[in-house]
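The residues making up each chain are set out below.
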Amino acid sequence: MKTAERTRDKLTLAEVCAELGITRSTFYDWRAKRKAPRCITLPNGSLRIRRTELDRWLTAREDAA
């Protein structure tokens with residue numbers, strides 16, 4: 001897998017918040033309540049979210065209409 005593809009597979013917190021239309025504080029609130037998608041914590045403390053995990057998390061929250 002190419003490095004660029006591997007990097008795009010992991011989204012920054014800012015990218016996830018922008019995609020969901022939420023603030024960072026909302027994301028951290030969800031995370032504290034264990035309602036957020038699973039995250040990867042880097043050694044510097046930054047968070048990354050796998051694209052596949054975000055998609056899985058969103059699918060699990062779809063409302064059957």
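For the chain, an unreviewed UniProt entry supplies the name Helix-turn-helix transcriptional regulator and the organism Actinoallomurus acaciae.

Peer 1: Looking at this structure, I do not really get the pairing of strand β3 (residues 47–50). What am I missing?
Peer 2: On any regular strand, side chains alternate: one points to one face of the sheet, the next to the other face. Of the two faces of β3, only one is covered, namely that formed by Leu47 and Ile49; the face formed by Arg48 and Arg50 stays uncovered. In this structure, strand β1 (residues 10–12) lies alongside β3, joined through three bridges in antiparallel fashion. Residue pairing in the sheet places Thr12 in a bridge with Arg48 of β3. Pairing analysis gives two bridges linking strand β2 (residues 40–41) to β3, with the strands arranged antiparallel. Pairing of Thr41 across the sheet is with Leu47, part of β3. In sequence, β2 turns back onto β3 through a hairpin of five residues, with Gly45 there showing a positive phi of about 95°.

Peer 1: Just to check I follow, could you spell out helix α4 (residues 51–60) for this structure?
Peer 2: Residues spaced three or four apart along an α-helix face the same direction, because each turn holds 3.6 residues. If you check which residues of α4 are buried, you get Glu53, Leu54 and Trp57. Down the axis of α4, the sector holding all buried residues measures 100°, keeping them to one side. Buried residues belonging to α4 abut β1, α2 (13–20), α3 (24–32) and β3.

Peer 1: How should I be thinking about the nonpolar core in this particular structure?
Peer 2: A general tendency of soluble globular proteins is for nonpolar side chains to be buried together. Counting eleven residues, the largest nonpolar core is built from Leu11, Leu13, Val16, Cys17, Ile22, Phe27, Ala36, Leu47, Ile49, Leu54 and Trp57. For this core, the elements supplying multiple residues, two or more each, are α2, β3 and α4. When residues of this core are assigned to their parent elements, the largest contribution, three residues, is made by α2. Ignoring any residue separated from it by four or fewer positions in sequence, one finds Leu11 in contact with Val16, Glu19, Leu47, Arg48, Ile49, Arg51 and Leu54.

Peer 1: I keep staring at the sheet that holds β2 and nothing clicks. Help me out?
Peer 2: Adjacent strands of a sheet form backbone hydrogen bonds with each other and so pair up, either parallel or antiparallel. As summarised here, the arrangement of the three strands in space is β1-β3-β2, forming an open sheet in which the pairing is antiparallel. Looking at the sheet topology across the chains shown, the edges are occupied by β1 and β2. Its contacts with the sheet put α2 on β1 and β3, and the angle it makes with β1 is roughly 80°. Across the sheet, α4 lies against β1 and β3, angled at about 65° from β3, the strand it touches most.

Analysis parameters
- Think of each chain on its own: its residues are numbered from 1, step by step along the sequence as written.
- It should be noted that, the model being predicted, local features are given only for residues of pLDDT at least 70 and side-chain atom pairs only at 80 or more, the latter also being counted only at that level, while totals for whole chains, interfaces and linings use all residues.
- No hydrogens and no water enter the side-chain calculation; it runs on all heavy atoms of the structure.
- Burial status follows relative accessibility: with a 1.4 Å probe on protein chains alone, a residue under 20% of its type maximum counts as buried, one over 50% as exposed, and anything between as partly exposed.
- The helix count covers DSSP runs of H or I at least four residues long, the strand count covers runs of E at least two residues long, and both are numbered beginning at the N terminus.
- Two strands pair if DSSP finds at least two bridges between them.
- Read the arc as the range of directions from the helix axis to the C-beta atoms.
- When checking whether two residues touch, look at their non-hydrogen atoms; a contact exists if any pair is within 4.5 Å.
- Here, the term nonpolar core denotes a set of buried Ala, Val, Leu, Ile, Met, Phe, Trp, Tyr and Cys residues that are joined through side-chain atoms within 4.5 Å.
- Think of each axis as a best-fit line through the C-alpha atoms, taken over the contacting stretch in the case of a helix, with angles from 0 to 180 degrees between the N-to-C directions.

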